[in-house]
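Residues per chain, in single letters:
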Amino acid sequence: MKKSIFPAITLVILIASAFTFFQSVEWKISDNYSVKFDGGDPSGEFTGLKGSIKFDEKNLADSKFDCTVDVASINTGNGMKNTHAKSDKWLDATKYPVIHFTSKSINKTESGYEAKGTLDFHGVQKEITLPFTFVNNVFAGTFEVNRMDYGINTAEPNHGAQVLKVSLNVPVTK
Amino acid sequence: MFKNHFYHGLTSGIMAALAAIIYSRIHFFATQADFSGIINLGTMISLNLIGCLIFSIVYYFFTGMWKKKGIIVFHLLITILSFAAVIIPISISLPLTVKNPELFPGLAVPMIFFPALAWFTLKPLFNSDF
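The structure contained in this document is the topic of the report that follows. (Residues numbered from 1 in each chain as written. Chains lettered and ligands numbered in written order. Predicted model: local features only at pLDDT ≥ 70, side-chain atom pairs only at ≥ 80, totals over all residues. Heavy atoms only, no water.)

**Describing the interface of chain B and chain A**
Alright, step 1. In this assembly, 9 residues from chain B lie in contact with 11 residues from chain A.
Alright, step 2. The contact between chain B and chain A buries some 770 Å² in all, and 50% of this surface belongs to carbon and sulfur atoms.
Alright, step 3. Of all residues in chain B, I90, L96 and P101 of chain B give up the largest surface area on contact with chain A, accounting jointly for 60% of the area buried on that side.
Alright, step 4. Taken together, chain B and chain A are joined by 0 salt bridges.
Alright, step 5. Between chain B and chain A we count 6 residue pairs in polar contact (both at pLDDT 80 or more) in total.
Alright, step 6. Residue composition of the side of chain B that touches chain A, by class: 6 nonpolar, 2 polar and 1 charged. (Contact = heavy atoms within 4.5 Å. Buried area = accessible area lost by both parts, 1.4 Å probe. Salt bridge = Lys/Arg side-chain N within 4 Å of Asp/Glu carboxyl O. Polar contact = N/O pair within 3.5 Å; in protein donor to acceptor, adjacent residues only side chain to side chain. Nonpolar A, V, L, I, M, F, W, Y, C, P; charged D, E, K, R; others polar.)

Here's what the structure looks like:
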C-alpha cells in the first residue's frame, strides 16, 4: 500500500501541472486604453472599460473575454451631446448602465484573431464577431455596430449615424 | 475721424480681454476645469481685440451711410449677433482629451458678450457729441 502512495502523488502532481500549463493567461487592462466610436456625428469615446481577459495565443480554446463598458462614461467632446446620449431617447444609461461583451470562442485568422460572442447593448443581445490583433501586449480591433439592431432611437433613423465604427486599443499587463 | 473709432475699438478690446482673463481664472478656481488648450491668453486677447475693432469699423461705415439710423441698426445687429454666437460654445465638440466638456459653455458663453459689453460701455467716452 505504502509503495503505491508516492507514484499516486507523482501522478496527481503531473496531471495538476498539466492543467496549470494549459490555463490561459489572465491580463489586466492598463489605464491608457481607448474605446472610440466614429459615426461622423456622433463620434467620441467611452472611458469606463472593465472586465476579465483570459488570453493565450497557444491556448485559444481556454481564452475568454468578459468585458463591460460603462455607458455613463461616454464622451463626445460636447457636454450637451453627452447628456443627450445618456438619456432614455438614446443609450438610456439609467436602465442599461453597461455594454457587455462575452466571448464564446476565439479563433486564429489570417490577420490576427476573431472573438465570437454576445454583445449585450441597450437590452438587446446579439451575436457578433470581433476581429482583433494582439501585438506587444496590446489588443486592437475594429468592428461596426448598427444602432438600429439594438433598438437605439429607432424612431429617428436619420438622426445621426446608424452605423458606428468602434475602435478598441487595449494595452494589458500580466 | 476714424481715429476716434479706432481708439474706441482698441480700448474696448483691451477691456474685454481683461474681463475674459479675470473671468477664466475665476471659472478655473470654481470648477477646476482646465480649458487652456481651447481658450488661452493669446486667444482671449486676440479675439476680443479683433472683435471690438471690427465693431468700430462696422459702426464707422453704418453711421457714414445711414447717420442716426446706422447707430440703431448697428446696436441691434451687434446684440443679435452676440446672442446668436452663444450657440458656438454650446454646440462645439472639444477634443476628447479635454475633460468635463459640459463645463465649457459656462466659461465661453459669458465671454461671447464681453466685446459688445465693453464696446457699449466705453462708447460715451468716444462719442463726439460729448
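**Side note on the environment of T43 of chain B**
Residue and element names in this part refer to chain B.
Alright, step 1. Relative to the helices and strands, T43 is located in helix α2 (residues 41-84).
Alright, step 2. Accessibility expressed as a relative area gives 28% for T43, which makes it partly exposed.
Alright, step 3. Along the primary structure T43 and F2 are separated by 41 residues, whereas in three dimensions their C-alpha atoms are 26 Å apart.
Alright, step 4. Contacts of T43, omitting those with residues within four sequence positions, involve I38 and N48.
Alright, step 5. Polar contacts involving the side chain of T43 include one to the main-chain carbonyl oxygen of N40, which spans 2.9 Å. (Helix = DSSP H or I, 4+ residues; strand = E, 2+ residues; numbered from the N terminus. Buried < 20%, exposed > 50% of the residue type's maximum accessible area, 1.4 Å probe, protein only.)

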